[in-house]
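Take a look at the letters that make up each chain.
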Amino acid sequence: MHIRTAEPEDIQRIKRLYQAVARSGDGLARKEHEITDEYVEGFVNKSIAQGLIIVAEHPTDPNELVGEIHAYQPGIEVFSHLYSHLTIAVHPEFQGKKIGRTLFTIFLEEIGMNRHNIGKVELMTRESNERAIAFYQSLGFRVEGRFEMRIKDKHGNFEADIPMGWQNPNFEFD
Ligand SMILES: CC(C)(COP(=O)(O)OP(=O)(O)OC[C@H]1O[C@@H](n2cnc3c(N)ncnc32)[C@H](O)[C@@H]1OP(=O)(O)O)[C@@H](O)C(=O)NCCC(=O)NCCS
């Protein structure tokens, strides 16, 4: 499996990947129709310019991706030590094969080794995604609270969003 940083040319591949993941379940907050060009261009360009974005290529089809992770600095000075808006997605046909763990491990290693200006990585995950919460905890993230009634499901029920954070052991405050 080839893993690399993303380029602007990957935008349509990432869009197709996110649409497939959104179609298959509710792990992503956005529904398939909300995976728009504007949304994908926005996070890809911000992650390239002021964050980190890593993709896993399809094993046989060079025009498809099977996984992606990104986060970026929110863009104002008080948050400049943060990578936020983290999202990770693995294609439904490739989930459970350690692609997500490999992408996330490389992502955190890059920050720990080479991005000493980044003190913290933040993410949010819905309360019911217990496997994802356990997965993030196994990578060193901690639960930092609970945003009650933040997510509405298709039946009109609400659930909490869980903020989680990972602190860079090699952070250098300047
Ligand atoms: C969550 C996700 C990124 C994990 O990637 P993956 O390649 O499927 O997972 P891996 O095989 O690397 O396994 C990592 C952990 O993820 C968990 N996991 C596996 N499939 C999962 C799924 N469909 N949903 C949630 N968690 C899953 C497992 O518990 C696993 O833990 P383990 O290593 O202790 O067994 C991926 O399943 C996915 O994209 N799910 C849908 C979208 C989503 O939930 N994104 C996160 C929103 S915050």
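For the structure itself, look to the data block above.
Rules used throughout
- Residues numbered from 1 in each chain as written.
- Predicted model: local features only at pLDDT ≥ 70, side-chain atom pairs only at ≥ 80, totals over all residues.
- Heavy atoms only, no water.
- Helix = DSSP H or I, 4+ residues; strand = E, 2+ residues; numbered from the N terminus.
- Rg over C-alpha atoms; globule rule 2.2 N^0.38 Å.
- Salt bridge = Lys/Arg side-chain N within 4 Å of Asp/Glu carboxyl O.
- Axes fitted to C-alpha atoms, helices over the stretch in contact; angles between N-to-C directions.
- Left-handed = near helix turned anticlockwise from the far one by under 90°.
- Contact = heavy atoms within 4.5 Å.
- Nonpolar A, V, L, I, M, F, W, Y, C, P; charged D, E, K, R; others polar.
- Buried < 20%, exposed > 50% of the residue type's maximum accessible area, 1.4 Å probe, protein only.
- Polar contact = N/O pair within 3.5 Å; in protein donor to acceptor, adjacent residues only side chain to side chain.
- Arc of directions from axis to C-beta.
- Near = heavy atom within 4 Å.
- Areas by Shrake-Rupley, 256 points an atom, 1.4 Å probe, with all protein chains shown as cover.
- Parallel < 35°, antiparallel > 145°, perpendicular 65-115°, else oblique.

**Considering the overall build of the protein**
Part 1: A tally of regular secondary structure across the protein gives four helices and eight strands.
Part 2: Helices and strands in the protein line up, N terminus first, as β-α-α-β-β-β-α-β-α-β-β-β.
Part 3: Its C-alpha atoms give the protein a radius of gyration of 16 Å, near enough to 16 Å, the size a compact globule of 174 residues would have.
Part 4: With the C-alpha coordinates aligned to their principal axes, the bounding extent of the protein is approximately 45 × 40 × 30 Å.

**Section: the pattern of salt bridges**
Part 1: If you walk through the whole model with that rule in mind, you get 13 salt bridges.
Part 2: Notably, a salt bridge pairs arginine 4 with aspartate 10, separated by 2.8 Å at the nearest N-O pair.
Part 3: In this structure, the salt-bridge partner of arginine 13 is aspartate 10, at a minimum N-O distance of 2.7 Å.
Part 4: Put simply, Arg4, Asp10, Arg13 and Glu57 are held in one network by salt bridges that share partners.

**A word on the packing of helix α1 (residues 11–24) against helix α2 (residues 37–50)**
Part 1: Put simply, α1 and α2 touch, their axes get as near as 10 Å, and they point 115° apart. The handedness of the crossing between α1 and α2 is right-handed. Side by side, α1 and α2 meet where Ile11, Gln12, Ile14, Lys15 and Tyr18 of the first sit next to Asp37, Tyr39, Val40, Glu41, Phe43, Val44 and Asn45 of the second.
Part 2: A breakdown of the residues in the contact of α1 with α2 according to their chemical character gives seven nonpolar, two polar and three charged.

**Quick look at the environment of glutamate 68**
Part 1: Its place among the elements puts glutamate 68 in strand β3 (residues 65–72).
Part 2: By relative accessible area, glutamate 68 is classed as buried at 0%.
Part 3: On a C-alpha basis, the gap between glutamate 68 and tyrosine 18 in space is 8.9 Å, while along the polypeptide they are 50 residues apart.
Part 4: The residues contacting glutamate 68, other than those within four sequence positions of it, are Ile14, Leu17, Tyr18, Phe43, Ile53, Ile54, Val55, Thr87, Ile88, Ala89 and Leu103.
Part 5: One polar contact links glutamate 68 to tyrosine 18, side chain to side chain, over a distance of 2.5 Å.

**A short note on helix α4 (residues 130–138)**
One turn of an α-helix holds 3.6 residues; hence residues three or four places apart share an orientation.
Part 1: Among the residues making up α4, those that are buried are Ala132, Ile133, Phe135 and Tyr136. On an axial view of α4, the arc spanned by its buried residues comes to 160°, and they lie on one face. Of the exposed residues in α4, those oriented more than 90 degrees away from the buried face are Glu130 and Arg131.
Part 2: Phi turns positive one or two residues past the end of α4, at glycine 140, with a value near 110°.

**So, the site of the ligand**
Part 1: Around the ligand sit 19 residues in total, of which Val90, Gly96, Lys98, Gly100 and Arg101 are the nearest.
Part 2: Contacts to the ligand include valine 90, whose backbone N or O atom sits 2.8 Å from an oxygen atom.
Part 3: Arginine 131 is positioned such that a nitrogen or oxygen atom in its side chain is 3.2 Å from a nitrogen atom of the ligand.
Part 4: In isolation the ligand offers 830 Å² of accessible surface; the protein chains occlude 80% of this area.
Part 5: A total of four residues in the shell around the ligand trace back to one element, the largest contributor, which is α4.

**Some points on the packing of helix α3 (residues 99–114) against α4**
Part 1: Relative to each other, α3 and α4 sit at 40°, their axes nearing to 11 Å. It follows from the interaxial angle that α3 and α4 lie oblique. The crossing of α3 and α4 is right-handed. For the pair formed by α3 and α4, the contact residues are Gly100, Arg101 and Phe104 on the first element and Phe135, Tyr136 and Ser138 on the second.
Part 2: Of the residues that constitute the contact of α3 with α4, the class distribution is three nonpolar, two polar and one charged.

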